[in-house]
Structure formats: C-alpha cells, structure tokens
Amino acid sequence: SNSPSVSPLASPVLPLLQPTPSPTDATTACVEDASATYFHKMVDDDTKPRYKTCKYLQDEMVKNSKKVEKFCKMKNGHDRVPPARDVCMNTCGTCSRADMSINASNSPSVSPLASPVLPLLQPTPSPTDATTACVEDASATYFHKMVDDDTKPRYKTCKYLQDEMVKNSKKVEKFCKMKNGHDRVPPARDVCMNTCGTCSRADMSINASNSPSVS
C-alpha cells in the first residue's frame, strides 16, 4: 500500500525485433541537391561530355518541361557521372525508383523455393485414364480404304495391322496416317492407337474432356 504508484507510461518499451526503416530514408533518397551534377549530353560531334546541375533542370522545367522530360529519360551516364534521372529525382519524378531500391535493400531475401506452388488450372488425368484410352482391341474395326474404283469401303481389324506391322511397317504407317474414316467408322489412327503410336492423341482428347469449360 505504501509502494509508489507507477504510471502506465513508465513501463519499459520493448524494442521491435526487426528495425523498421525510418520514414526519412525514402525522403533522404529523394532530396534533390540543386548543385548536384549529372551527365547532360555529348557535344562537339559526340567527342566531349557536357554536365549540368539539377538547378539547370529546375529552371528549364518552368520554361520547357518537354525538354526536361527528354533529358530525364536518358538512362546512361558518362565517366561515372549518373544521368539526370538518378541525380535530380524530384525534378525528373523518379523518386519511386529510389524508394524501390531502398525497399529492395531492406526487404528480407526470400528463397525462390519458398514461393507457394500454384495449382495447375487444368487437372492432370490419372495414369489409368491414359492407359485405358490406349488399350487396343485387336478385333476393333477401322476404315481401311476404298476399293472397286472408290465405290466400296473396305474395313479391317487392328489384328490385321498388328500382323502387317511385322511384315511391312511402311505399309502400316501409310494407313496410320489416314485421317478420314467412313460411314462413322474411324480411321486406324483413332482405333488401333498402340499399333499406330497415336496414344498421345488419346491423352490429348482426355485432357480436353477433363479440362474445365471456359466461358
């Protein structure tokens, strides 16, 4: 009861774990020294560099802002003297560039591996889908070719192609390249996919059917 009352204001202030850059940092980076020199341009047939001060640009801004804008857009300095955009930042309106460099130096480095992995927009078909789509039924029928002066369609089974593959792969390749079916019977490339090596096309069609519709 005799202990002196302690004002809440007297409690110790704990230091922050991470020092916050003071507001003056950005301001300091953007304070423009009128006497600071920047590389203006090359003269005498590009043999001599001309340097100017920020005061020159400040005065020109009143007379001809387009002219100032032209010098402020120059990105290259000369002989270690920076261009106007890096020296006369208030006049050139490039203060945000200084802020960015300060933020970059103060921000903690983040490992690229730590970035979150975004989900793919298109679902990946399960391995069994591709396998099922690529199982070949030897008795399945495909449109082989037109015969009798192109008046009658001839159909064959995948078994025929499988047997031909052993004898004459070039012949099989020819039929596998045909893209058109006949009377709703597909060509070999869409029926005998293992033999024709067109399983990837089945995967593509699966992906198309599984992908979400986009309005």
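From a predicted model like this one, the values you see are computed outputs, not experimental measurements.

Here the focus is the pairing of strand β3 (residues 141-147). The pairing of β3 with strand β4 (residues 152-157) spans six bridges and is antiparallel. Paired with Val147 across the strands is Lys152, a residue of β4. Taken together, β3 and the strand that follows it, β4, pair antiparallel across an intervening segment of four residues, in which Asp148 is found at a positive phi of about 50 degrees.

What follows covers the side chain of Thr91. Position of Thr91 among the secondary structure elements: in helix α5 (residues 89-92). A polar contact of 2.5 Å, which involves the side chain of Thr91, links it to the side chain of Glu32. Apart from the residues within four sequence positions on either side, Thr91 is in contact with Glu32, Leu57, Gln58, Met61 and Val68.

This next bit is on the nonpolar core. Ala140, Tyr142, Cys158, Tyr160, Leu161, Val172, Cys176, Ala188, Val191, Cys192 and Cys196 form the largest nonpolar core, which has eleven residues in total. A total of three residues in this core trace back to one element, the largest contributor, which is helix α8 (residues 158-167). Beyond its immediate chain neighbours, meaning those up to four positions away, Tyr160 contacts Tyr142, His144 and Lys171. Ranked by size, the runner-up nonpolar core spans ten residues in total, among them Ala36, Tyr38, Cys54 and Cys92.

Glancing now at the packing of aromatic side chains. Tallied over the full model, the rule gives two aromatic pairs. With a centroid separation of 6.1 Å and 65 degrees between ring planes, the pair formed by Phe39 and Tyr51 is classed as edge-to-face. With a gap of twelve residues between them, Phe39 in strand β1 (residues 37-43) and Tyr51 in strand β2 (residues 48-53) connect regions that are remote in the sequence. Given a relative accessible area of 7%, Phe39 falls into the buried group. Measuring from centroid to centroid gives 6.1 Å for Phe143 and Tyr155, while their planes differ by 65 degrees, and the two rings are edge-to-face. Taken as a pair, Phe143 in strand β3 and Tyr155 in strand β4 lie far apart in primary sequence, twelve residues in all. Looking at Phe143, the relative accessible area reads 7%, which means it is buried.

Now for the confidence of the model for the protein. Looking at the protein as a whole, the pLDDT averages 76, with 62% of positions reaching at least 70. Confidence drops under pLDDT 50 across residues 21-28; counting only partners more than four residues distant or on other chains, this segment forms five contacts. A low-confidence stretch, residues 124-132 (pLDDT under 50), is modelled with seven contacts involving residues beyond four sequence positions or located in other chains.

What counts as what
Residues numbered from 1 in each chain as written. Predicted model: local features only at pLDDT ≥ 70, side-chain atom pairs only at ≥ 80, totals over all residues. Heavy atoms only, no water. Pairing = 2+ DSSP bridges. Helix = DSSP H or I, 4+ residues; strand = E, 2+ residues; numbered from the N terminus. Polar contact = N/O pair within 3.5 Å; in protein donor to acceptor, adjacent residues only side chain to side chain. Contact = heavy atoms within 4.5 Å. Core = buried A, V, L, I, M, F, W, Y, C linked by side-chain atoms within 4.5 Å. Buried < 20%, exposed > 50% of the residue type's maximum accessible area, 1.4 Å probe, protein only. Phe/Tyr/Trp six-rings, centres within 6.5 Å; stacked < 30°, edge-to-face > 60°. pLDDT = per-residue confidence, 0-100.

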